[in-house]
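Overview (structure and organization)
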Amino acid sequence: HAEIVFEGGNHVSGRWEKYLSGTNIKGVEGLGIDDILSLDEFNIKYVCASEEVRLSGQFPKIGKLYHLHGDEPKVTYSSVNVARNVFMRLRHNTIFGHFHKSQEYYARDISGDVMACWSVGCLCDLNPAFRPINDWNHGFAIVYYYEDGTFTVENKKIIDGYVI
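Quick summary incoming for the structure in this document.

Rules and cut-offs
- Residues numbered from 1 in each chain as written.
- Predicted model: local features only at pLDDT ≥ 70, side-chain atom pairs only at ≥ 80, totals over all residues.
- Heavy atoms only, no water.
- Core = buried A, V, L, I, M, F, W, Y, C linked by side-chain atoms within 4.5 Å.
- Buried < 20%, exposed > 50% of the residue type's maximum accessible area, 1.4 Å probe, protein only.
- Helix = DSSP H or I, 4+ residues; strand = E, 2+ residues; numbered from the N terminus.
- Contact = heavy atoms within 4.5 Å.
- Salt bridge = Lys/Arg side-chain N within 4 Å of Asp/Glu carboxyl O.
- Polar contact = N/O pair within 3.5 Å; in protein donor to acceptor, adjacent residues only side chain to side chain.

1. Describing the nonpolar core
- In this structure, Ala49, Leu68, Val75, Val82, Val86, Phe87, Phe96, Phe99 and Cys117 together form the largest nonpolar core, which totals 9 residues.
- A total of 3 residues in this core trace back to one element, the largest contributor, which is helix 4 (residues 82-90).
- Sequence-distant contacts of Leu68, defined by excluding residues within four places in its chain, comprise Glu7, Ala49, Phe59, Pro73, Leu90, Thr94, Ile95, Phe96 and Gly97.

2. Some points on the pattern of salt bridges
- Tallied over the entire structure, the rule returns 3 salt bridges.
- Here Asp135 and Lys101 are joined by a salt bridge, their closest N and O atoms 3.2 Å apart. With Asp135 in the loop between strand 7 (114-119) and strand 8 (138-145) and Lys101 in the loop between strand 5 (94-96) and strand 6 (103-108), the pair connects residues that are 34 residues apart, well separated along the chain.
- Residue classification places Lys101 among the buried positions, given a relative accessible area of 6%.

3. Some words on the side chain of Asn155
- Inspection of the secondary structure puts Asn155 in strand 9 (residues 151-159).
- According to the relative accessible area criterion, Asn155 is buried, its value standing at 8%.
- Among the polar contacts made by the side chain of Asn155, one reaches the main-chain carbonyl oxygen of Gln103 at a distance of 3.3 Å.
- Here Ser119 takes part through its backbone oxygen, which lies 3.0 Å from a polar atom of the side chain of Asn155.
- Other than its neighbours up to four places away in sequence, Asn155 contacts Ser102, Gln103, Glu104, Trp118, Ser119, Val120, Phe140 and Ala141.

The quantities given are spatial measurements derived from coordinates; they are silent on function.
Pasting the structure below:
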């Protein structure tokens, strides 16, 4: 009964539209990312944080956890710990992709409240021609949400075909 959400980001909401805008097929029905990937067929919900902000003025959030693609906080790609750097920019519970590596960072404030950021691995080619040397890893996240707004994140890594 899990809800599967596909978070669009800089590749989808920027590059795809930019590519289509220079062609004769711009505006043709069925060329949206959700159509091409048959997301409806697999009951996958498509969201895009940058579009949510543009439409509603707010970043997507479920309970006490913000969901971003990861390019929104404008953290440098070469950061050693992107989860910490995103946390230092946002200071709120946030889960994101974009950096293609699994990391997490937790901080406790003076009152004892804990906040965290999770960087989720990718499901793409780990050695693309445009960046053959990198420190990416395969991975995905499972998030459990509770009625009081709290949540649990399982930031899974895939190493040699095994989910760990």
